[in-house]
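Structural characterization, general
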Amino acid sequence: ETGVTQTPRHLVMGMTNKKSLKCEQHLGHNAMYWYKQSAKKPLELMFVYSLEERVENNSVPSRFSPECPNSSHLFLHLHTLQPEDSALYLCASSQDIGQGTDTQYFGPGTRLTVL
Amino acid sequence: RKEVEQDPGPFNVPEGATVAFNCTYSNSASQSFFWYRQDCRKEPKLLMSVYSSGNEDGRFTAQLNRASQYISLLIRDSKLSDSATYLCVVNIKGPNQAGTALIFGKGTTLSVSS
């Protein structure tokens with residue numbers, strides 16, 4: 001399936017590095033999301049974008065910086081991360097955010113390891 | 001109280017068994033409810049939405065009890081391919097009230113063996 005793609009699929013970075021995660025959706029959706037999935041924890045919503053505008057920032061540290069240049073692309077810029085930030089980062093999209101009834105389609109995720 | 005709670009399992013069942021998963025949620029204002037399935041090292045995928053009247057999709061039946069804030073998923077005639085983690089998902093208003101956000105439970109792991 002290629003509805004939502006994410007690159008890279010795996011990333012190893014040091015705490016002083018700067019890297020970016022990329023997400024692209026080919027579904028014509030208006031809403032995009034970043035989630036974090038750590039071992040033994042539920043998926044945690046990080047950011048929500050609707051029509052390229054950020055509508056939610058779920059108390060995420062500033063070392064994570066999202067960017068949504070258009071409704072098809074979403075980036076997550078990473079800077080001075082901590083080892084505890086190691087996790088699977090999942091991007092998702094839905095038609096709209098509306099009342100939350102729209103199905104969210106997830107990308108395959110980027111597995112991030114911070115050394 | 002956690003927003004969405006599930007029994008983590010694992011549930012180990014033989015092929016053909018019937019298995020039920022339960023989930024409770026804390027936000028009484030939640031409007032939409034879903035079960036997602038996540039295979040090992042893969043992304044979550046929608047299994048089915050959950051409606052107040054209950055709904056069925058083949059071997060899968062989902063039920064919602066708003067009064068008890070309780071959601072269930074029943075799988076009949078389990079197949080080997082049903083082995084996965086099942087995530088209970090509830091929507092709530094986001095912190096900024098600008099839209100809604102999905103809150104995921106930790107998931108219940110099912111292992112079906114031959």
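Examining the overall build of chain A
- If you tally the helices and strands in chain A, you get zero helices and 11 strands.
- Along chain A, helices (α) and strands (β) appear in the sequence β-β-β-β-β-β-β-β-β-β-β when read from the amino end.
- For chain A, the C-alpha radius of gyration of 13 Å lies close to 13 Å, the compact-globule estimate for 115 residues.
- By principal-axis analysis of the C-alpha atoms, chain A measures approximately 35 × 30 × 30 Å.
- By the burial criterion, 47% of the 115 residues in chain A qualify as buried.
- In the form shown here, chain A has an accessible surface area of approximately 5,400 Å², with 48% of it arising from carbon and sulfur atoms.
- Measuring between centres, the 10 positive side-chain charges of chain A sit 13 Å from its 11 negative side-chain charges.

Comments concerning the state of the cysteines
Residue and element names in this part refer to chain A.
- Under the definition given, this model contains two disulfides over all chains.
- Disulfide partner of C23: C91, at an S-S distance of 1.9 Å. The disulfide joining C23 to C91 has a torsion of about -70 degrees about its S-S bond and is therefore left-handed. Pair noted here: C23 is in strand β3 (residues 18–25) and C91 is in strand β9 (residues 87–94), with a separation of 68 residues, a long-range link.
- Here C23 falls in the buried class, since its relative accessible area comes to 0%.
- The structure places no disulfide on C68, whose sulfur is separated from the nearest cysteine sulfur, that of C91, by 9.1 Å.
- Classification of C68 as buried rests on a relative accessible area of 11%.

Notes on the sheet that holds strand β3 (residues 19–25) of chain B
All names here are of chain B.
- The five strands lie next to each other as β1-β3-β8-β7-β6, forming an open sheet whose pairing is antiparallel. The open sheet is flanked by β1 (4–6) and β6 (55–57), the only strands paired with a single partner. Going from strand to strand, the sheet's axes swing by 20 degrees on average, the running direction of each strand aside.
- Pairing of β6 with strand β7 (residues 60–65) involves three bridges; the strand directions are antiparallel. Within the sheet, the bridge partner assigned to N55 lies in β7 and is A62.

Some details on the packing of aromatic side chains
- Inspection of every chain in the model, using the stated rule, returns 11 aromatic pairs over all chains.
- Ring centres of Y35 of chain A and F106 of chain A lie 5.4 Å apart, and the angle between their planes is 45 degrees; this geometry places the pair in the tilted category. Taken together, the residues Y35 of chain A in strand β4 (residues 31–37) and F106 of chain A in strand β10 (residues 105–106) connect sequence positions 71 residues apart. Accessibility assignment for this pair places Y35 of chain A and F106 of chain A in one class, buried.
- Ring geometry for Y35 of chain A versus F104 of chain B: centroids 5.5 Å apart, planes at 85 degrees, classification edge-to-face. Note that Y35 of chain A is positioned in strand β4 and F104 of chain B in strand β10 (residues 100–104), a pairing that runs across two chains.
- Given a relative accessible area of 3%, F104 of chain B falls into the buried group.
- An aromatic cluster of three or more residues is present, and its members are Y33, Y35 and F106 of chain A together with F34, Y36 and F104 of chain B.

Structural notes on the pairing of strand β4 (residues 33–38) of chain B
Residues and elements named next belong to chain B.
- Of all six residues in β4, six are buried, a share of seventy percent or more.
- Where β4 meets strand β5 (residues 44–50), six bridges bridge the pair, whose relative direction is antiparallel. Bridge pairing links R37 to K45 in β5.

With respect to the environment of L81 of chain A
Residues and elements named next belong to chain A.
- For L81, the position within the fold is in the loop between β8 (73–79) and β9.
- Measuring from C-alpha to C-alpha, the distance between L81 and S59 comes to 16 Å, with 22 residues separating the pair along the chain.
- Dropping the residues within four chain positions of it, L81 is found in contact with M13, M15, R63, F64, L112 and V114.

Brief notes about the nonpolar core
- Counting 25 residues, the largest nonpolar core has F21, W35, I71, L73, I75, Y86 and L110 of chain B as its most contacted members.
- Breaking this core down by element, the ones donating at least two residues are β3, β4, β5, β7, β8 (70–75), β9 (84–93) and β11 (108–113) of chain B.
- Sequence-distant contacts of L110 of chain B, that is, excluding residues within four places in its chain, are made with F11, V13, V19, F21, I75, D82, S83, A84 and Y86 of chain B.
- With 22 residues, the next largest nonpolar core counts M46, C68, L74 and L78 of chain A among its residues.

The rules we used
Residues numbered from 1 in each chain as written. Chains lettered and ligands numbered in written order. Predicted model: local features only at pLDDT ≥ 70, side-chain atom pairs only at ≥ 80, totals over all residues. Heavy atoms only, no water. Helix = DSSP H or I, 4+ residues; strand = E, 2+ residues; numbered from the N terminus. Rg over C-alpha atoms; globule rule 2.2 N^0.38 Å. Buried < 20%, exposed > 50% of the residue type's maximum accessible area, 1.4 Å probe, protein only. Areas by Shrake-Rupley, 256 points an atom, 1.4 Å probe, with all protein chains shown as cover. Lys, Arg positive; Asp, Glu negative; His and termini not counted. Charge placed at Lys NZ, Arg CZ, Asp CG, Glu CD. Disulfide = S-S within 2.5 Å. Pairing = 2+ DSSP bridges. Axes fitted to C-alpha atoms, helices over the stretch in contact; angles between N-to-C directions. Phe/Tyr/Trp six-rings, centres within 6.5 Å; stacked < 30°, edge-to-face > 60°. Contact = heavy atoms within 4.5 Å. Core = buried A, V, L, I, M, F, W, Y, C linked by side-chain atoms within 4.5 Å.

These figures come from the coordinates and say nothing about function on their own.
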